[in-house]
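Single-letter residue listing:
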Amino acid sequence: AKLFEQRRDLVVSMLNQANGIKCPTPEGAFYVYPSVAELIGKTAPSGKIITSDEDFAVELLETEGVSVVFGAAFGLSPHFRISYATSNAVLEDACTRIQRFCANVK
């Protein structure tokens, strides 16, 4: 359980450092649900306007190769879901890519 807490804290910390993302600390499960509300209406690196959490997920995948589940799939717009039930190295890499993507949203 300690290992998953460390992974959760790593992901929450890194995502909260990403421009325009707010990530609350979840109580249970192996997922975090960060908000991309501040990114709606902004322009992705591709030049496309981010109009929804679904757009965010598609653009993130195409630009950085990181797959997240958009919140609308769970009735949780404007959030996305990311699992932290994987290795620290994978999580750090994914969060670094998300930070880079967000830094390039204008």
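Residues numbered from 1 in each chain as written. Predicted model: local features only at pLDDT ≥ 70, side-chain atom pairs only at ≥ 80, totals over all residues. Heavy atoms only, no water.

J.: How should the overall build of the chain be read in this particular structure?
T.: Across its full length, the chain carries 3 helices and 3 strands. Secondary structure elements of the chain occur, N-terminal to C-terminal, as α-β-α-β-β-α. Its C-alpha atoms give the chain a radius of gyration of 13 Å, within 12% of the compact-globule value 13 Å for 106 residues. Dimensions of the chain, computed from C-alpha atoms along their principal axes, come out at roughly 40 × 25 × 20 Å. Of the contacts formed within the chain by residues at least 6 apart in sequence, a portion of 55% connects residues at least 24 apart. Surface accessibility of the chain: about 5500 Å² in total, with carbon and sulfur atoms responsible for 54%. (Helix = DSSP H or I, 4+ residues; strand = E, 2+ residues; numbered from the N terminus. Rg over C-alpha atoms; globule rule 2.2 N^0.38 Å. Contact = heavy atoms within 4.5 Å. Areas by Shrake-Rupley, 256 points an atom, 1.4 Å probe, with all protein chains shown as cover.)

J.: In this structure, what is going on with the packing of helix 2 (residues 53–64) against helix 3 (residues 88–103)? I would like to understand it.
T.: The geometry of helix 2 relative to helix 3 is characterised by a closest axis approach of 10 Å and an angle of 110 degrees between their N-to-C directions. Classed by the angle they form, the pair helix 2 and helix 3 counts as roughly perpendicular. Two secondary-structure elements touch here, helix 2 through Phe56, Glu59, Leu60, Thr63 and Glu64 and helix 3 through Arg97, Ile98, Arg100, Phe101 and Cys102. (Axes fitted to C-alpha atoms, helices over the stretch in contact; angles between N-to-C directions. Parallel < 35°, antiparallel > 145°, perpendicular 65-115°, else oblique.)

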